[in-house]
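The lines below spell out each chain.
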Amino acid sequence: MRQTISTDAAPAPVAAYAQGSRIGSVLAVAGQVGMDPATGAVADGVAAQTEQALRNVRSVLQAAGCDLEDVVRMDCYLTSQEHFAPFNEVYARWFPGDAPARATVVVGLADGLDVEIVALAVTE
């Protein structure tokens, strides 16, 4: 049976989706962006949006009793090829050792958003 995960420590969904969804030991974290959940403000710049998006991913993971060490895959979306360098610099600080598998693609996102991160975690 699927369990919905929600937390006030990450932005509330703006459509029909859950912040996180778990079945057994598998947890899917919906796309998280660089928006402060307390204020709704979008961080300024790719590096700051990446930091906030990763904080939001971690918040959903923690609401489900997981953490970044449980992540096996991340799908990362950027609005420009030029964003790879600042994104990767921040991302590498969050995963200084063994990083999860990752796909990073350039796509169109909602106005003002330059980064979106989706995570898949597996627990024992």
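Please refer to the structure placed before this passage.
Residues numbered from 1 in each chain as written. Predicted model: local features only at pLDDT ≥ 70, side-chain atom pairs only at ≥ 80, totals over all residues. Heavy atoms only, no water.

When you look at the layout of surface pockets in this model, what are you seeing that I'm missing?
A probe matching the size of a water molecule, rolled over the atoms, marks out where space remains unfilled. In this structure, the largest pocket spans a volume of roughly 210 Å³. In terms of lining, the largest pocket is formed by 13 residues, of which the most central are Val14, Tyr17, Gly31, Val33 and Leu113. Here the element with the most residues in the lining of the largest pocket is strand β3 (residues 26-33); it accounts for 3 residues. (1 Å grid on protein atoms, 1.4 Å probe; cavity = no way out; pocket = protein on both sides within 12 Å on 5 of 7 lines; lining within 4 Å. Points joined across faces, edges and corners; volume = space filled by probe spheres on them. Helix = DSSP H or I, 4+ residues; strand = E, 2+ residues; numbered from the N terminus.)

How should I be thinking about the state of the cysteines in this particular structure?
Overall, the coordinates contain 0 disulfides when judged by the stated rule. Summary of cysteine pairing: cysteine 66 is not part of a disulfide, and the nearest cysteine sulfur, belonging to cysteine 76, is at 18 Å. Residue class for cysteine 76 comes out buried when judged on its relative accessible area of 0%. (Disulfide = S-S within 2.5 Å. Buried < 20%, exposed > 50% of the residue type's maximum accessible area, 1.4 Å probe, protein only.)

Sorry if this is basic, but what is going on with the packing of aromatic side chains here?
Where two aromatic rings form a pair, the distance of their centres and the angle of their planes describe that pair. Under the definition given, this model contains 2 aromatic pairs. Between the aromatic rings of tyrosine 91 and phenylalanine 95, the centroid separation amounts to 4.9 Å while the plane-to-plane angle is 35°, which identifies the pairing as tilted. When its relative accessible area of 5% is taken as the criterion, tyrosine 91 is described as buried. An aromatic cluster is defined as three or more aromatic residues linked by ring pairs; in this entry it consists of Phe87, Tyr91 and Phe95. (Phe/Tyr/Trp six-rings, centres within 6.5 Å; stacked < 30°, edge-to-face > 60°.)

Please explain the packing of helix α1 (residues 46-63) against helix α2 (residues 84-94) as it appears in this structure.
Axes are the key here: two packed helices are described by the angle between their axes and the distance separating the axes. Running from N to C, α1 and α2 point in directions that differ by 35°, and their axes come no closer than 8 Å. Both α1 and α2 take part in a crossing whose hand is right-handed. Along its contact with α1, which presents Val46, Ala47, Thr50, Glu51, Leu54, Arg55 and Arg58, the element α2 presents Pro86, Phe87, Val90, Tyr91, Arg93 and Trp94. Taken together, the residues of the contact of α1 with α2 break down into 8 nonpolar, 1 polar and 4 charged. (Axes fitted to C-alpha atoms, helices over the stretch in contact; angles between N-to-C directions. Left-handed = near helix turned anticlockwise from the far one by under 90°. Contact = heavy atoms within 4.5 Å. Nonpolar A, V, L, I, M, F, W, Y, C, P; charged D, E, K, R; others polar.)

I keep staring at α1 and nothing clicks. Help me out?
Each full turn of the α-helix corresponds to 3.6 residues, which orients residues three or four apart in the same direction. Between its first and last C-alpha, α1 extends 26 Å over 18 residues, near the 26 Å set by a 1.5 Å rise per residue. All buried positions along α1 are accounted for by Val46, Gln49, Thr50, Glu51, Gln52, Ala53, Leu54, Asn56, Val57, Ser59, Val60 and Leu61. The secondary structure elements touched by the buried residues of α1 are β1 (3-5), β2 (20-23), β3, β4 (71-78), α2 and β6 (115-122). The first or second residue beyond α1 is glycine 65, which carries a positive phi of 80°. (Expected span 1.5 Å × (residues − 1).)

Would you take a moment to explain the side chain of threonine 50 for this structure?
With respect to the secondary-structure elements, threonine 50 resides in helix α1. According to the relative accessible area criterion, threonine 50 is buried, its value standing at 0%. A distance of 2.8 Å separates the side chain of threonine 50 from the backbone oxygen of valine 46, its partner in a polar contact. Setting aside its immediate chain neighbours within four residues, threonine 50 contacts Phe87, Val90, Tyr91, Val115 and Ile117. (Polar contact = N/O pair within 3.5 Å; in protein donor to acceptor, adjacent residues only side chain to side chain.)

Honestly, that's just the spatial picture; any functional story needs more than this.
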